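Understanding the architecture of this molecule
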Amino acid sequence: MSKLNTPFQLPNGSLLKNRIAKSAMSENLSNKDHSPSKEIIQAYRTWAKGGAGLLITGNVMIDSKALGEPRNVVVEDRKHFDKLVEWASVIKDTRAHMWPQLNHPGRQAMGSINKVVVGPSAVPLKIKGGSMMFKTPKPLEESEILDIIERFGNTALIMKDAGFTGVQIHGAHGYLVSQFLSPRTNIRTDKWGGSLENRARFALEVYRNIRQKVGADYPIGIKINSADFQRGGFTEEESMEVVKILSSEGIDLIEISGGTYEKASMMGASKKQSTIEREAYFLDYIEKARKITDKPLLLTGGFRTVSVMEKALADNNLDIVGMARPFTLYPDLPNAIFEKRMTNITLPSLTTGIKAIDKMGFLELMWHEMQIKRLGEGKAPDPKMGAFKVIARNIRVTLSKAIGG
Ligand SMILES: Cc1cc2nc3c(=O)[nH]c(=O)nc-3n(C[C@H](O)[C@H](O)[C@H](O)COP(=O)(O)O)c2cc1C
């Protein structure tokens, strides 16, 4: 009996029709004014029909002064409210839920597209061959921290009013919330840094601000790192403490991932043999997390075999299976699984053949973003798409943004 295809109720009462979530993937496909484009809306229309219980959008930025990528959707006011309503309306008649992922990139913001880059502390990113794309962040003043917290709440409320059925805070992968959590990137000595309690304050206040604006019944989730997997970074023990804190505050769904731009563990970088055998990258962690929280758990990263997903659910290690990359090549993935058309997901392994480029790790992201673009244009995915085509397009988009196009 498939547990993947059974409903699941979140603490707030929202009913997910099954246990498959499409995890966040930055589409990098907004209009020039950062409103959702017709391509983004079309991609989600396709995914909504594909059968997932929960669709989490790519990161939606809460501040137009802080972009992760040139074509992020930004929601900071109601200027493009009609387009947000249109975006949210794709789930109509599908019983799918759709949550925007709210994000501030902090220091993981390309220098060419942001006048000023901010972070908890002036600790620059170090990426092999890629550091020059990023500026050393300006440490945030307390008033700026409070402004960003307020912005998260503001964006959440706009999205709720537009018809999205919940929100997710991006607290993972080395973006601002995650930068505050990590002692590598947060070396502040005020109440926002130092002890874990202080480093977790930002995440907590973001959650509280959103909760206060959207009300008790509206689902709020967070994606957090099981660890940064870097010396001196956010550890597994600390992550568990944050899970406890957020659980006691009433979070509705906790998605587990891991890594940062400096160490891309979320994409399966440097997997241990034991992890390869278990397929999902953070299963060990989630088994432990299960014991310290009664909140629903969503695990993302590496799931490719239906029997492995079913086992993780049957073992009661988690409540929802999250997948990202498989959705760009197989937009109807949940239906394909439920109709037994798919038991195993295969994705191409990508390389340019040039080690320095491959090591930077962006190829994989760009390749999947291009597949999303195809979905948005109503085209079928192209599993054979070449690496160089992908890189050329991304250079074009970044340059056009940098010179005001
Ligand atoms: C193109 C692309 C964009 C991504 N953008 C985001 C994002 O905006 N927010 C996020 O939390 N994770 C993002 N991720 C990471 C995925 O959500 C996921 O954690 C990761 O791909 C591992 O899951 P998978 O093995 O099922 O792909 C992105 C991944 C890809 C491939």
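For the structure, see preceding data.
What counts as what
- Residues numbered from 1 in each chain as written.
- Predicted model: local features only at pLDDT ≥ 70, side-chain atom pairs only at ≥ 80, totals over all residues.
- Helix = DSSP H or I, 4+ residues; strand = E, 2+ residues; numbered from the N terminus.
- Buried ≥ 20, exposed ≤ 12 C-beta atoms within 10 Å, placed from the backbone.
- Right-handed = clockwise from strand over helix to strand, strands pointing away.
- Near = placed C-beta within 6 Å.
- Nonpolar A, V, L, I, M, F, W, Y, C, P; charged D, E, K, R; others polar.
- Axes fitted to C-alpha atoms, helices over the stretch in contact; angles between N-to-C directions.
- Left-handed = near helix turned anticlockwise from the far one by under 90°.
- Contact = placed C-beta atoms within 7 Å.
- Pairing = 2+ DSSP bridges.
- Expected span 1.5 Å × (residues − 1).
- Arc of directions from axis to C-beta.
- Parallel < 35°, antiparallel > 145°, perpendicular 65-115°, else oblique.

**Topic: the overall build of the chain**
Counting secondary structure elements, the chain contains 15 helices and 12 strands. Principal-axis analysis of the C-alpha atoms places the extent of the chain at approximately 55 × 45 × 45 Å. When burial is assessed residue by residue, the chain has 49% of its 405 residues classed as buried.

**What about the pairing of strand β5 (residues 97-103)?**
For β5, the tally of buried residues reaches seven of seven residues, placing the bulk of the element in the interior. Burial along β5 is two-sided: His-97, Trp-99, Gln-101 and Asn-103 and Met-98, Pro-100 and Leu-102, pointing in opposite directions, are all buried. Running through helix α2 (residues 81-88), the crossover from strand β4 (residues 54-61) to the neighbouring parallel element β5 is right-handed.

**A word on the site of the ligand**
In the neighbourhood of the ligand, 26 residues make up the surrounding shell, with Ala-24, Ser-26, Asn-59, Ala-324 and Arg-325 lying closest. For the shell around the ligand, the secondary-structure elements that each account for two or more residues are β4 and α14 (362-376). At four residues, the largest contribution of residues to the shell around the ligand is made by α14. Classifying every residue of the shell around the ligand by side-chain character gives 10 nonpolar, 12 polar and four charged.

**Some thoughts on the packing of helix α7 (residues 236-249) against helix α9 (residues 283-292)**
Contact geometry of α7 with α9 gives a least axis separation of 10 Å together with a crossing angle of 40°. For the element pair α7 and α9, the recorded crossing hand is right-handed. Contact with α7, carried on its side by Glu-236, Met-240, Val-243 and Lys-244, involves Tyr-285, Lys-288, Ala-289 and Ile-292 of α9 and no other residues of that element. A class-by-class count of the residues in the contact of α7 with α9 yields five nonpolar, no polar and three charged.

**So, the sheet that holds β5**
Within the closed barrel, the eight strands sit side by side as β3-β4-β5-β8-β9-β10-β11-β12. Their pairing is parallel. For this sheet the average axis-to-axis angle between neighbouring strands, irrespective of direction, equals 25°. Looking at chain direction, β4 and β5 are connected through six bridges and run parallel. Bridged to Asn-59 within β5 is Gln-101. Packing of helix α6 (residues 201-214) onto the sheet brings it into contact with β8 (167-171) and β9 (220-225), and relative to β9 it is tilted by some 165°. In the packing of α7 onto the sheet, contacts are made with β9 and β10 (253-257), and the angle to β9 comes to roughly 170°.

**Description of helix α1 (residues 38-49)**
In this model, α1 (12 residues) spans 17 Å end to end at C-alpha, consistent with the 16 Å of a helix rising 1.5 Å per residue. Turning to α1, its buried residues are Ile-40, Ala-43, Tyr-44, Arg-45, Trp-47 and Ala-48. Downstream of α1 by one or two residues, Gly-51 has phi in the positive range, about 105°.

**Here's the deal with α2**
Within α2 the residues assigned to the buried category are Lys-83, Leu-84, Trp-87 and Ala-88. Each buried residue of α2 lies within a common arc of 140° when the element is viewed along its axis, so the set occupies one face. In this structure, the buried side of α2 is in contact with α1, β5 and α3 (142-162).

**Comments concerning the pairing of β4**
Here β4 lies mainly inside the structure; eight of its eight residues are buried. One ladder, built from two bridges, connects strand β3 (residues 20-22) with β4; its direction is parallel. Considered in β4, the bridge of Ala-21 is made with Leu-54.

**Some thoughts on the packing of α6 against α7**
Contact geometry of α6 with α7 gives a least axis separation of 11 Å together with a crossing angle of 20°. Put simply, α6 runs roughly parallel to α7. Considering only the axes of α6 and α7, their crossing is right-handed. Contacts between α6 and α7 pair Ala-203, Leu-204 and Tyr-207 from the former with Val-242, Ile-245, Leu-246 and Glu-249 from the latter.

**Quick notes on the environment of Ile-245**
Structurally, Ile-245 is set in helix α7. With 17 C-beta atoms counted inside 10 Å, the residue Ile-245 sits in the partly exposed group. When the C-alpha positions of Ile-245 and Arg-201 are compared, they lie 10.0 Å apart, and in sequence the two are 44 residues distant. Ignoring any residue separated from it by four or fewer positions in sequence, one finds Ile-245 in contact with Ala-200 and Leu-204.

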